[in-house]
Amino acid sequence: MSRHRSGSNSAGTVIAVVADIMAVILGLWILMYLLDANRGNDLVQFVHDAANWLAGWSRDLFTFDDAWARVVAGYGLAAVVYLFIGHAIANRVQRH
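Here the structure is a predicted model, which is why all the values come from computation and not from measurement. (Residues numbered from 1 in each chain as written. Predicted model: local features only at pLDDT ≥ 70, side-chain atom pairs only at ≥ 80, totals over all residues. Heavy atoms only, no water.)

Per the counting criterion, the structure on display carries three aromatic pairs. Aromatic pair Trp57 and Tyr82: ring centres 6.4 Å apart, planes at 90°, arrangement edge-to-face. Remark: Tyr82 occurs in helix 3 (residues 67-95) and Trp57 occurs in the loop between helix 2 (42-54) and helix 3; sequence separation between them is 25 residues. Among the residues examined, Trp57 registers a relative accessible area of 44% and is labelled partly exposed. You can call Tyr82 buried: its relative accessible area is 19%. (Phe/Tyr/Trp six-rings, centres within 6.5 Å; stacked < 30°, edge-to-face > 60°. Helix = DSSP H or I, 4+ residues; strand = E, 2+ residues; numbered from the N terminus. Buried < 20%, exposed > 50% of the residue type's maximum accessible area, 1.4 Å probe, protein only.)

In C-alpha coordinates form, the structure reads like this:
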(Lines give C-alpha, C1' and ligand atoms only; values in the text may rest on other atoms or scores of the structure.)
Protein backbone atom coordinates (compact mmCIF):
# COMPACT_ATOMS: atom_id res chain seq x y z
CA MET A 1 0.00 0.00 0.00
CA SER A 2 2.83 2.43 0.77
CA ARG A 3 4.31 1.77 -2.66
CA HIS A 4 1.05 2.96 -4.30
CA ARG A 5 0.90 6.05 -2.09
CA SER A 6 4.51 6.92 -2.97
CA GLY A 7 3.74 6.55 -6.67
CA SER A 8 0.74 8.83 -6.34
CA ASN A 9 2.84 11.45 -4.57
CA SER A 10 5.48 11.24 -7.30
CA ALA A 11 2.91 11.54 -10.08
CA GLY A 12 1.27 14.49 -8.34
CA THR A 13 4.62 16.19 -7.91
CA VAL A 14 5.48 15.70 -11.59
CA ILE A 15 2.13 17.15 -12.67
CA ALA A 16 2.59 20.19 -10.42
CA VAL A 17 6.15 20.78 -11.64
CA VAL A 18 5.08 20.56 -15.30
CA ALA A 19 2.29 23.08 -14.64
CA ASP A 20 4.79 25.37 -12.90
CA ILE A 21 7.24 25.15 -15.82
CA MET A 22 4.48 25.99 -18.30
CA ALA A 23 3.47 29.02 -16.23
CA VAL A 24 7.10 30.15 -15.90
CA ILE A 25 7.57 30.00 -19.68
CA LEU A 26 4.44 32.09 -20.20
CA GLY A 27 5.44 34.56 -17.50
CA LEU A 28 8.93 34.80 -18.93
CA TRP A 29 7.53 35.67 -22.36
CA ILE A 30 5.29 38.36 -20.84
CA LEU A 31 8.33 39.84 -19.09
CA MET A 32 10.46 39.65 -22.24
CA TYR A 33 7.69 41.32 -24.26
CA LEU A 34 7.22 44.12 -21.74
CA LEU A 35 10.98 44.72 -21.57
CA ASP A 36 11.22 44.70 -25.38
CA ALA A 37 13.66 41.78 -25.54
CA ASN A 38 15.64 41.29 -28.74
CA ARG A 39 13.52 38.98 -30.92
CA GLY A 40 16.61 38.02 -32.89
CA ASN A 41 18.10 36.33 -29.82
CA ASP A 42 17.78 32.53 -29.82
CA LEU A 43 16.61 32.30 -26.19
CA VAL A 44 13.96 34.98 -26.72
CA GLN A 45 12.78 33.22 -29.88
CA PHE A 46 12.63 29.84 -28.09
CA VAL A 47 10.60 31.29 -25.20
CA HIS A 48 8.31 33.11 -27.65
CA ASP A 49 7.69 29.95 -29.70
CA ALA A 50 7.02 27.86 -26.58
CA ALA A 51 4.70 30.51 -25.13
CA ASN A 52 2.82 30.80 -28.44
CA TRP A 53 2.27 27.06 -28.45
CA LEU A 54 1.17 26.96 -24.79
CA ALA A 55 -1.18 29.94 -25.16
CA GLY A 56 -2.53 29.05 -28.58
CA TRP A 57 -6.07 28.88 -27.17
CA SER A 58 -5.90 32.20 -25.29
CA ARG A 59 -3.39 34.28 -27.23
CA ASP A 60 -5.92 36.34 -29.21
CA LEU A 61 -8.84 35.97 -26.83
CA PHE A 62 -8.84 39.64 -25.81
CA THR A 63 -8.99 42.66 -28.12
CA PHE A 64 -7.52 45.48 -26.06
CA ASP A 65 -6.26 48.47 -28.04
CA ASP A 66 -2.78 48.26 -26.53
CA ALA A 67 -0.64 45.32 -27.63
CA TRP A 68 0.97 44.96 -24.19
CA ALA A 69 -2.47 44.49 -22.59
CA ARG A 70 -3.35 41.76 -25.11
CA VAL A 71 -0.07 39.96 -24.34
CA VAL A 72 -0.46 40.22 -20.57
CA ALA A 73 -4.13 39.14 -20.64
CA GLY A 74 -3.80 36.34 -23.20
CA TYR A 75 -0.59 34.75 -21.99
CA GLY A 76 -1.33 35.54 -18.34
CA LEU A 77 -4.70 33.80 -18.54
CA ALA A 78 -3.03 30.69 -19.94
CA ALA A 79 -0.46 30.73 -17.11
CA VAL A 80 -3.14 31.04 -14.43
CA VAL A 81 -5.26 28.27 -15.98
CA TYR A 82 -2.29 25.90 -16.24
CA LEU A 83 -1.35 26.58 -12.62
CA PHE A 84 -4.90 26.15 -11.36
CA ILE A 85 -5.72 23.01 -13.33
CA GLY A 86 -2.27 21.45 -12.93
CA HIS A 87 -2.20 21.87 -9.17
CA ALA A 88 -5.83 20.75 -8.82
CA ILE A 89 -5.02 17.54 -10.72
CA ALA A 90 -1.82 17.06 -8.72
CA ASN A 91 -3.71 17.42 -5.43
CA ARG A 92 -6.37 14.97 -6.63
CA VAL A 93 -3.73 12.42 -7.68
CA GLN A 94 -1.88 12.74 -4.39
CA ARG A 95 -5.05 12.11 -2.36
CA HIS A 96 -5.73 8.76 -4.07
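Moving on to helix 2. For helix 2, with 13 residues, the first-to-last C-alpha span of 18 Å sits near the 18 Å given by 1.5 Å per residue. Along helix 2, the positions that sit buried rather than exposed are Val44, Val47, His48, Ala50, Ala51, Asn52 and Leu54. (Expected span 1.5 Å × (residues − 1).)

This part covers the nonpolar core. Core analysis: the biggest nonpolar cluster contains 15 residues, and Leu26, Trp29 and Tyr75 have the highest contact counts within it. Setting aside residues no more than four positions away along its own chain, Trp29 makes contact with Arg39, Val44, Val47, His48, Ala51, Val71 and Tyr75. (Core = buried A, V, L, I, M, F, W, Y, C linked by side-chain atoms within 4.5 Å. Contact = heavy atoms within 4.5 Å.)

The grouping of Leu28, Leu31, Leu34, Leu35, Trp68 and Val72 at the surface amounts to a nonpolar patch, some 570 Å² of accessible area in total. Contributing elements (two or more residues each) for the nonpolar patch: helix 1 (2-34) and helix 3. Of note, Leu34 is situated in helix 1. (Patch = residues over 30% accessible without salt bridge, like charges linked within 9 Å, V, L, I, M, F, W, Y side chains within 5 Å. Areas by Shrake-Rupley, 256 points an atom, 1.4 Å probe, with all protein chains shown as cover. Salt bridge = Lys/Arg side-chain N within 4 Å of Asp/Glu carboxyl O.)

The next subject is the environment of Met32. Relative to the helices and strands, Met32 resides in helix 1. Classification of Met32 as buried rests on a relative accessible area of 12%. Discounting residues that sit within four places of it in the chain, Met32 has contacts with Ala37, Leu43, Val44 and Val47.

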